[in-house]
Amino acid sequence: MNKKTVYGFLAVMLGVTLMTTQAFAQSKPADADNFYQSDSVTVEKVSFPNQYAMKIAGNLYLPKGLDQTKRHPAIIVSHPMGAVKEQSANLYAIKMAERGFVTLSVDLAFWGESGGMPRNAVSPDMYSETFSAAVDYLGSRAFVDRNRIGAIGICGSGSFAISAAKIDPRMKAIATISMYDMGAANRHALGKSLPLEQRKKIIAEAAQQRWAEFEGGVTKYTSGTVHEIKADSHPIEIEFYEFYRTPRGEFTPKGQTGETTTHPTLSSNTKFMNFYPFNDIETISPRALLFITGDQAHSKEFSEDAYEKAADPKELYYVKGAGHVDLYDRVNLIPFDKLTALFTQYL
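Model, not experiment: these values are computed from the prediction. (Residues numbered from 1 in each chain as written. Predicted model: local features only at pLDDT ≥ 70, side-chain atom pairs only at ≥ 80, totals over all residues. Heavy atoms only, no water.)

**Student:** Which parts of the structure should I look at to understand the overall build of the protein?
**Tutor:** Each helix and strand counted, the protein has 11 helices and eight strands in total. Taken against the 2.2 N^0.38 rule, which gives 20 Å for 347 residues, the C-alpha radius of gyration of the protein at 19 Å falls within 12% of a compact globule. Principal-axis analysis of the C-alpha atoms places the extent of the protein at approximately 60 × 45 × 40 Å. Out of the 347 residues belonging to the protein, those deemed buried represent 59%. When the accessible area of the protein is evaluated, it comes to approximately 14,300 Å², of which 51% is carbon and sulfur surface. For the protein, the centre of its 37 positive side-chain charges and the centre of its 38 negative side-chain charges are spaced 3 Å apart. (Helix = DSSP H or I, 4+ residues; strand = E, 2+ residues; numbered from the N terminus. Rg over C-alpha atoms; globule rule 2.2 N^0.38 Å. Buried < 20%, exposed > 50% of the residue type's maximum accessible area, 1.4 Å probe, protein only. Areas by Shrake-Rupley, 256 points an atom, 1.4 Å probe, with all protein chains shown as cover. Lys, Arg positive; Asp, Glu negative; His and termini not counted. Charge placed at Lys NZ, Arg CZ, Asp CG, Glu CD.)

Okay, here's the thing in structure tokens:
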């Protein structure tokens, strides 16, 4: 397997790339609605510290007319790896707020409007800490029942939510959407297709880059969504490109450029090699786990692996006809009723 192929496989964790951007925009699924807005909820931009005094940014959504003299169940929602809350997380948060829940979409540490330097750094522990910090914040709100807080993790954030829940029992129910195990994806790639020697080459390159950056060199980025489609682009690359590099889901946070969005730093990305979110996943029981994946999703192996290792109560739910990115924004495919049932029962 050559280097281009290896990075192609690693790139599938975030996104990828014959057609022009305009052509892709015109081919957007009719039910794709990443930037959905609602007249039946209110939104407030909020920020709060994590346990390490880093700023975490979020959008707090409340159903209009919510009786704030009472305490209500709440749900944390976090975005795909490399994305920001404006990509998929806000959509889920708004839709669940319409169904009566207090919801909070967050930017993971180092991404979007949250703190952390360098930007786009990889730190699985800090990503998981973002969920616990969000629990801290929600539990301090007078209108939130701190005994009824759940979480939704989309793509890579599914693995971060599970990692957090293993050591934070305040999260009472967890749903993952199109989950990526970011540890396994980096160690082995899809279908365990990454040879050990190639993994070692990736680790060595990142280590060399640490020296370069320590001595004042330019930060380098890796994986992420490609910026153009080529004749030999992998279908998974194209799938992510259709979301991240077209008006369907493209979003550039303040202070960044389109050239760096979705790309983690090369020197830090190997932190995922030491990330094993499904170890001890059974200890989350008796809290509920719901794994939602498309039956056509290239990533479904991760949800299946987690489901096999988890203890009851647990459910693996396949969305018929759905691929991985379909569940980011296709509102007619996303099983919001299933999510509502989970959080109504366990919160």
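On we go.
**Student:** Help me understand the side chain of Asp329, please; the structure alone is not making it clear to me.
**Tutor:** Here Asp329 is to be found in helix H10 (residues 326-329). Of note is the side chain of Asp329, whose polar atom sits 2.8 Å from the side chain of Arg248. Other than its neighbours up to four places away in sequence, Asp329 contacts Asp31, Ala32, Asp33, Asn34, Leu91, Phe243, Arg248 and Ile334. (Polar contact = N/O pair within 3.5 Å; in protein donor to acceptor, adjacent residues only side chain to side chain. Contact = heavy atoms within 4.5 Å.)

**Student:** Teacher, can you tell me more about unusual backbone geometry here?
**Tutor:** Glycine aside, the phi torsion of most residues is negative, and most peptide linkages are trans. A cis geometry characterises the amide bond from Met117 onward to Pro118, with omega recorded as -5°. Assignment of secondary structure puts Pro118 in the loop between strand S4 (102-106) and helix H4 (124-139). In this structure, Pro286 follows Ser285 across a cis peptide bond, with omega equal to 15°. Phi at Lys192 is positive, roughly 55°, even though this residue is not glycine. Residue classification places Lys192 among the exposed positions, given a relative accessible area of 67%. At Asp280, a position not held by glycine, the phi torsion is positive, near 70°. Within the secondary structure layout, Asp280 lies in the loop between helix H8 (235-244) and strand S7 (288-294). Taking relative accessible area as the criterion, Asp280 reaches 48% and is therefore assigned partly exposed.

**Student:** I tried to follow the nonpolar core on my own but got confused; where do I start?
**Tutor:** It is characteristic of soluble globular proteins that their nonpolar side chains tend to be buried jointly. Counting residues in hydrophobic clusters, the biggest one holds 94 residues, and the most contacted among them are Tyr92, Leu138, Ile152, Leu339 and Phe343. The element best represented in this core is H4, accounting for eight residues. (Core = buried A, V, L, I, M, F, W, Y, C linked by side-chain atoms within 4.5 Å.)

**Student:** Hey, could you run me through the packing of H4 against helix H5 (residues 157-167) in this one?
**Tutor:** Relative orientation and spacing of two packed helices are given, respectively, by the angle between their axes and the distance between those axes. Where H4 meets H5, the axes come as close as 8 Å, and the angle between the chain directions of the two elements is 65°. On the basis of their axis angle, the class for H4 and H5 is roughly perpendicular. The way H4 lies across H5 gives a crossing that is right-handed. Touching Tyr127, Ser128, Phe131 and Ser132 of H4 are Ser157, Phe160, Ala161, Ser163 and Ala164, all from H5. In terms of residue class, the contact of H4 with H5 is built from five nonpolar, four polar and no charged. (Axes fitted to C-alpha atoms, helices over the stretch in contact; angles between N-to-C directions. Parallel < 35°, antiparallel > 145°, perpendicular 65-115°, else oblique. Left-handed = near helix turned anticlockwise from the far one by under 90°. Nonpolar A, V, L, I, M, F, W, Y, C, P; charged D, E, K, R; others polar.)

**Student:** Is there a simple way to think about helix H9 (residues 300-309) in this case?
**Tutor:** Three- or four-residue spacings in an α-helix give side chains the same orientation, since the helix completes a turn every 3.6 residues. Every buried residue of H9 is accounted for by Phe302, Ser303 and Ala306. Within H9, the buried residues cover an arc of 95° as seen down the axis, which keeps them to one side. Considering only its buried residues, H9 is in contact with helix H6 (182-188), S7 and strand S8 (314-319). (Arc of directions from axis to C-beta.)

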